[in-house]
Amino acid sequence: MVGDESLIIVMRAEATSDDVAHILDRLSEIDAEAHVSEGAQRTVIGIIGDRIRVQQLPWEAFPGVERAVPVLKPFKFVSREFQSEDSVVAVGTALVGGGNFAPIAGPCAVESRDQLFASAEAVMKAGATILRGDAFKPRTSPYSFQGLGEEGLELLAAAREEFGLPFQVEILDPRDIDLVVAYADMIRVGTRNMSNYALLSELGKQPRPVMLKRGLTARIEEWLNAAEYIFKEGNHNVILCERGIRTFETATRNTLDISAVPVVKSLSHLPIIVDPSHSAGRRELVAPLARAAVACGADGFMVDVHPSPETALVDGPQAILPAEYEALMDDVRALADAMGTPI
Ligand code: PEP
Ligand code: MN
């Protein structure tokens, strides 16, 4: 109703029944309706009442209150309020989220069978659980290599057969959905398409999990709204990927917003992984940023690995060598052990 405000008051796990009763008293004083739901972990109180009167009260200052969240938050379904437990997304044989860590690696683009297989074999041996490699490339220049198309998808399927790794590819055009679904285990939306709402809605209606990269200039709320477009159409297998944002800084290709990891985890139940390759744009920054992602609690990380970066048709300067990936995976395992969350 116009003039009304809807809020969800999320109580702390240790809140008492007196804390809840106190809030209900204040709500009846302002003639607001309340709906109390007692979850296994914590109690949540939904409120509907006159906007001004509801907003006047400092709910988060009440004893036992963890936070007060407007119900009309645009990204309702992907929010923590909607689902408090972490989502776990199955990508072929790999699980992502809820304590399942996903190392994703491979070449930026599929260039040839030899190049793809050399990269896939190396990342599989080093412990990657999902292969990346694109058949459709979104290039800044229309004259640059655009990817091998269906031939690239066939090579990726052959690599999955050979090395047992599920794979993901980027999609650029909604008209390619059926083709990509026929081959890939996960579909990725790149940074340039995060706000392509028609594409997102279509991806909400197909059966593969979707990795949604953060738009170059997108705020976290806009990114979660984009995820909501996919989720609300019925596809609940969405993974977020922080890949750097555009800032005034020119020392890196983009600025990796590492704080997005804990922020997204507090706002959403969706898994979040980090792509240090596309954010840094430089090989020597990839390992330190990947380690930061792990230390920060990301559910995985995705890196470009190329057997011969100097001959790469796309993104050579940021691709790491197979031996560098192996060393990085050793570091990542040690870090995960130290954090008490072994991989
Ligand atoms: C990619 O992962 O290959 C890619 C094109 O990334 P982004 O969309 O983040 O630029
Ligand atoms: Mn790339």
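In this report, the structure presented in the accompanying data block is examined. (Residues numbered from 1 in each chain as written. Chains lettered and ligands numbered in written order. Predicted model: local features only at pLDDT ≥ 70, side-chain atom pairs only at ≥ 80, totals over all residues. Heavy atoms only, no water.)

### So, the coordination of the manganese ion (ligand 2)
For a metal with four donors in a tetrahedral arrangement, the ideal angle between donors is 109.5 degrees, while six donors in an octahedron ideally sit at 90 or 180 degrees. Rule in force here: With water omitted from the atoms examined, metal sites may look incomplete; donors here are N, O and S atoms no farther than 2.8 Å from the metal, or 3.2 Å in the case of Na, K and Ca. Comment: elements are numbered from the N terminus, with helices defined as DSSP H or I runs of at least four residues and strands as E runs of at least two.
Within the protein, the manganese ion (ligand 2) binds to Cys 108 (SG), His 278 (NE2) and Asp 315 (OD); these donor distances fall in the range 1.9 to 2.1 Å. All donors to the manganese ion (ligand 2) come from one chain, and their sequence spacing reads C-x169-H-x36-D. Of this pair, Cys 108 sits in the loop between strand 7 (102-106) and helix 3 (113-126) while His 278 sits in helix 9 (residues 276-280), and the two are 170 residues apart along the sequence.

### Some details on unusual backbone geometry
One non-glycine residue, Asp 31, lies in the positive phi region at around 60°. Look at Asp 315: it is not a glycine, yet its phi comes out positive at around 55°. Mapped onto the elements, Asp 315 comes out in the loop between strand 14 (300-304) and helix 11 (322-338).

### Observations regarding the pairing of strand 14
Just so we agree on the cut-off: The buried label goes to any residue with under 20% of its type's maximum accessible area, the exposed label to any with over 50%, and the partly exposed label to all in between, with areas taken from a 1.4 Å probe on protein chains only. Two strands make a pair as long as DSSP finds a minimum of two bridges between them.
By the criterion of burial, strand 14 is predominantly enclosed, with five of the five residues buried. Covered by surrounding structure in strand 14 are Gly 300, Met 302 and Asp 304 together with Phe 301 and Val 303, the residues of both alternating faces. Note: strand 7 against strand 14, five bridges, orientation parallel. Residue pairing in the sheet places Ala 105 in a bridge with Val 303 of strand 14.

### Regarding the site of ligand 1
Put simply, the rule reads: Being near a molecule or strand, for a residue, comes down to having at least one heavy atom within 4 Å of it. Residues adjacent in sequence count toward polar contacts only when both atoms are side-chain atoms; beyond that, a polar contact is any pair of N or O atoms within 3.5 Å, and within protein one must be able to donate a hydrogen and the other to accept it. Areas reported as accessible are Shrake-Rupley estimates using a 1.4 Å probe. Residue values count occlusion only from the protein chains shown.
Taken together, Cys 108, Arg 132, Asp 134, Lys 137, Glu 170, Arg 188, Gly 190, Thr 191, Arg 192, Lys 213, Arg 243 and His 278 make up all the residues around ligand 1. His 278 is positioned such that a nitrogen or oxygen atom in its side chain is 3.1 Å from an oxygen atom of ligand 1. In the complex, the protein chains occlude 98% of the 290 Å² of accessible area that ligand 1 would expose alone.

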